[in-house]
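Close look at the chain arrangement
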Amino acid sequence: MQQPIISPSLLSANFNALGQDIEMINQSQADWFHLDIMDGSFVPNISFGFPIIEHVKKMAQKPLDVHLMIVDPDRYIAEFKRVGADYLTVHYEACTHLHRTIQNIKANGMKAGVSLNPHTSVSLLEDILPELDLVLIMSVNPGFGGQKFIAQTYRKIEKLAAMAQKSNPNLIIEVDGGVDSSNAEALCKSGATALVAGNFIFKSAQPKQTISDLKHLNFK
Ligand code: DX5
Ligand code: ZN
């Protein structure tokens, strides 16, 4: 089992002192910055948009992992590249022409990801899997940080990992929602290779240490 990629979700950061939290992530063992973009339509919440991403990019010394929870993402793909996205992930449920959207993300020079809501089967990705850099499995219903982890996620990851072994062995399998010390190791054993965590990191007493614990799956 390899060490997971760790992607702290800025949704749970302190926006009054965002620079400090960005600096903490820069100095930590985290690999990416996870940015959640919500439009109030695909999900029942609105987060933040381009100006914030642009500011994060100026300070961030690690790739930006941008998770779009928006309808019709095609309208904004070039703009997400301009503000600094490295990985751009769209929702399966929000894309009528997913193949075209994925090609568009790659043509704009970004790594392409697809995210699945808890009710969406990984089988639906069979024909697009070879095209993808990343699949983001939602382990809560998207829209809010701090929700309870859905245990069915393990089975989905195992199934996806088996599919990827055949058609895309380099696929990154990322999990997002309710990730903490109680499930991180089991998720990686199931086949997850990247972990997003918001509340678990930013509500902990020592966020940098918590990132290190996640990276090493060390929860003594
Ligand atoms: C939820 C977002 C997550 C969220 C995770 O819709 O996609 O990235 O910030 O937060 P936690 O880790 O607190 O569940
Ligand atoms: Zn997310």
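What you see is a predicted model, and the numbers here were worked out from it, not measured in a lab.

**Looking at the sheet that holds strand β8 (residues 194–197)**
- Sheet architecture is open: eight strands sit in the order β1-β8-β7-β6-β5-β4-β3-β2, paired in parallel fashion. Looking at which strands have only one partner, the edges of the open sheet turn out to be β1 (5–8) and β2 (33–38). Going from strand to strand, the sheet's axes swing by 20° on average, the running direction of each strand aside.
- Across four bridges, β1 lies against β8 in parallel orientation. Along β8, the bridge assignment pairs I5 with A194.
- Against the sheet, helix α4 (residues 98–107) contacts β4 (87–91) and β5 (111–116), and its axis sits at roughly 145° relative to β5.

**Things to note about the side chain of S139**
- Along the chain, S139 falls in the loop between β6 (134–138) and α5 (153–167).
- A polar side-chain atom of S139 sits 2.7 Å from the main-chain carbonyl oxygen of G177.
- With residues up to four places along the chain from it excluded, the contact list for S139 reads K148, F149, I150, T153, V175, D176 and G177.

**Examining the coordination of the zinc ion (ligand 2)**
- Distances from the zinc ion (ligand 2) to its protein donors, H34 (NE2), D36 (OD), H67 (ND1) and D176 (OD), fall within 2.0 to 2.3 Å.
- Every donor counted, the six donor atoms about the zinc ion (ligand 2) form angles of 71 to 167° at the centre, which fits octahedral coordination.
- Here the donor residues of the zinc ion (ligand 2) share one chain and are spaced in sequence as H-x1-D-x30-H-x108-D. Of this pair, H34 sits in strand β2 while H67 sits in strand β3 (residues 64–69), placing them 33 residues apart in sequence.
- Relative accessible area serves as the criterion here: at 1%, H67 is assigned to the buried category.

**What to know about the site of ligand 1**
- Around ligand 1, the surrounding shell holds 20 residues, and the nearest of these are S9, G143, D176, G178 and G198.
- Between ligand 1 and the protein, one listed contact pairs an oxygen atom with a backbone N or O atom of G198 at 2.8 Å.
- Protein chains bury 99% of the 380 Å² of accessible surface belonging to ligand 1 in isolation.
- When the residues that make up the shell around ligand 1 are grouped by side-chain class, the tally is eight nonpolar, ten polar and two charged.

**Regarding the packing of aromatic side chains**
- Applying the stated criterion across every chain yields a total of six aromatic pairs.
- With a centroid separation of 6.0 Å and 55° between ring planes, the pair formed by F50 and Y76 is classed as tilted. Of this pair, F50 sits in helix α2 (residues 50–59) while Y76 sits in the loop between β3 and α3 (77–83); the two residues are 26 residues apart in sequence, bridging distant segments of the chain.
- On the accessibility criterion, F50 (21% relative accessible area) is partly exposed.
- Judged by relative accessible area, Y76 falls into the partly exposed class, the value being 31%.
- Site record: aromatic cluster; members linked through ring pairs are F50, Y76 and F80.

So, how was this worked out
- Residues numbered from 1 in each chain as written.
- Chains lettered and ligands numbered in written order.
- Predicted model: local features only at pLDDT ≥ 70, side-chain atom pairs only at ≥ 80, totals over all residues.
- Heavy atoms only, no water.
- Pairing = 2+ DSSP bridges.
- Helix = DSSP H or I, 4+ residues; strand = E, 2+ residues; numbered from the N terminus.
- Axes fitted to C-alpha atoms, helices over the stretch in contact; angles between N-to-C directions.
- Contact = heavy atoms within 4.5 Å.
- Polar contact = N/O pair within 3.5 Å; in protein donor to acceptor, adjacent residues only side chain to side chain.
- Donors = N, O, S within 2.8 Å, 3.2 Å for Na, K, Ca; no water.
- Tetrahedral: all angles 85-135°; square planar, octahedral: opposite > 155°, others 65-115°.
- Buried < 20%, exposed > 50% of the residue type's maximum accessible area, 1.4 Å probe, protein only.
- Near = heavy atom within 4 Å.
- Areas by Shrake-Rupley, 256 points an atom, 1.4 Å probe, with all protein chains shown as cover.
- Nonpolar A, V, L, I, M, F, W, Y, C, P; charged D, E, K, R; others polar.
- Phe/Tyr/Trp six-rings, centres within 6.5 Å; stacked < 30°, edge-to-face > 60°.

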